[in-house]
Amino acid sequence: MNETDPIPAERTLWQVVGHGRESYPAGKRYRFDVGERTDDGSAVVQLTRSGRITVRDAGGTHDANAGCLLLFRNGSSVAYGHDRPLPTPYACTWVALQGAGLAEHVARLTRDFGPVLRPGLDHPLAAAVERLRTQGAADRRPTPTREAAEIYQFVIDLFEFAEDRRGVRMDPADRAVQAMLRRPHRPWSLKQLAAEHGISREHLSRRFAQRVGRPAQPWLNDARRRRALALLRQTRLPLAEVARQAGYANPHSVARHVRDATGLSPTAYRRRADP
């Protein structure tokens, strides 16, 4: 396929490509090494309905009991199950998902949060796995675009759940740093952000420098400047809207930062960037 050929829909839209609802009795062998599977660009989400398995990856060993979600990309260095016959019955529901970029999303989830999430059986994420399996097994599946949208929302919900749970375990300074890293283009000041998290500006600045290796304000300035320059190059937005979307308080601030970075006014920079 050359670069001008259309990409088949099945290679782009996210879809369920495999599914199962399985039960294993105590005493049965149950162990899988994901690294032995072909990396076909698919990812698997498996819900433990009852029992417990062990999951091993580069980060260590994790338990996945009832209500846990196991996530992995086929071909990755993950093994799960039990080295010996199951000590108790085990039941699970799993779906294999595929589409452009989906496996990379799941790889990012497992890199940042590990291969096991713990929402519980009564959480909407558990119901979503069951719903995706049911739809994948149905004679009349949703339209491809509807199915892709549901899977996309499911993955976004996985990220939000994982980030919220990590935030609960963070102290206020780390939560403030995380908020800054995730949304550098919000128009907040360090003083305001520190106050929102009940810490001093100095404490926030120290923690940010420890985690990122740079002082907070220069890092924010660089992130906002890059966003402003990209908006000037790629859009025809008025300067006031560029300032708002890049996190600046007003157009004068964005103009000053653009001039410091390029030696040009925003108008001149945009004109030079035009083909």
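This structure is a prediction, so every number in the text was calculated from the model and none was measured.

Enquirer: Go over the sheet that holds strand S2 (residues 31-33), please, and point to the residues and values.
Expert: What the four strands build is an open sheet, ordered S2-S7-S4-S5; its pairing is antiparallel. Each edge of the open sheet is held by one strand with a lone partner, namely S2 and strand S5 (60-65). Each neighbouring strand pair of the sheet contributes to a mean axis angle of 15°, computed without reference to strand direction. Pairing between S2 and strand S7 (residues 79-81): three bridges, direction antiparallel. Following the sheet pairing, Asp 33 is matched in S7 by Ala 79.

Enquirer: Any details on the sheet that holds strand S8 (residues 90-98)? Residues and values, ideally.
Expert: If you trace the five strands from one edge of the open sheet to the other, you get S1-S8-S3-S6-S9, paired in antiparallel fashion. The open sheet has two free edges, formed respectively by strand S1 (15-24) and strand S9 (116-117), since each of these has just one partner strand. Relative to the sheet, helix H2 (residues 102-113) contacts strand S3 (42-50), strand S6 (69-73), S8 and S9, its axis offset from that of S6 by approximately 120°.

Enquirer: Which residues make up the packing of helix H9 (residues 239-246) against helix H10 (residues 251-262), and what values do they have?
Expert: Where H9 contacts H10, the axes come no closer than 8 Å and their chain directions differ by 85°. In terms of their interaxial angle, H9 and H10 are classed as roughly perpendicular. Across the interface between the two elements, Leu 239, Ala 240, Val 242 and Ala 243 from H9 touch Pro 251, Val 254 and Ala 255 from H10. The residue inventory of the contact of H9 with H10, partitioned by class, reads seven nonpolar, no polar and no charged.

Enquirer: Before we move on, could you go through the nonpolar core and cite the residues and values that matter?
Expert: In this structure, Leu 69 and Phe 154 are the most contacted members of the largest nonpolar core, which totals 27 residues. Of all the secondary structure elements, the ones that give two or more residues to this core are S3, S6, S8, H2, helix H3 (124-137) and helix H4 (144-169). Of the residues forming this core, the biggest block, eight residues, is contributed by H4. In this structure Phe 154 touches Val 45, Leu 97, Leu 125, Ala 128, Val 129 and Leu 132, once residues within four positions along its chain are discounted. The next biggest cluster of nonpolar side chains, apart from the first, holds 17 residues, and it includes Tyr 30, Val 44, Ile 53 and Ala 96.

The rules we used
Residues numbered from 1 in each chain as written. Predicted model: local features only at pLDDT ≥ 70, side-chain atom pairs only at ≥ 80, totals over all residues. Heavy atoms only, no water. Pairing = 2+ DSSP bridges. Helix = DSSP H or I, 4+ residues; strand = E, 2+ residues; numbered from the N terminus. Axes fitted to C-alpha atoms, helices over the stretch in contact; angles between N-to-C directions. Contact = heavy atoms within 4.5 Å. Parallel < 35°, antiparallel > 145°, perpendicular 65-115°, else oblique. Nonpolar A, V, L, I, M, F, W, Y, C, P; charged D, E, K, R; others polar. Core = buried A, V, L, I, M, F, W, Y, C linked by side-chain atoms within 4.5 Å. Buried < 20%, exposed > 50% of the residue type's maximum accessible area, 1.4 Å probe, protein only.

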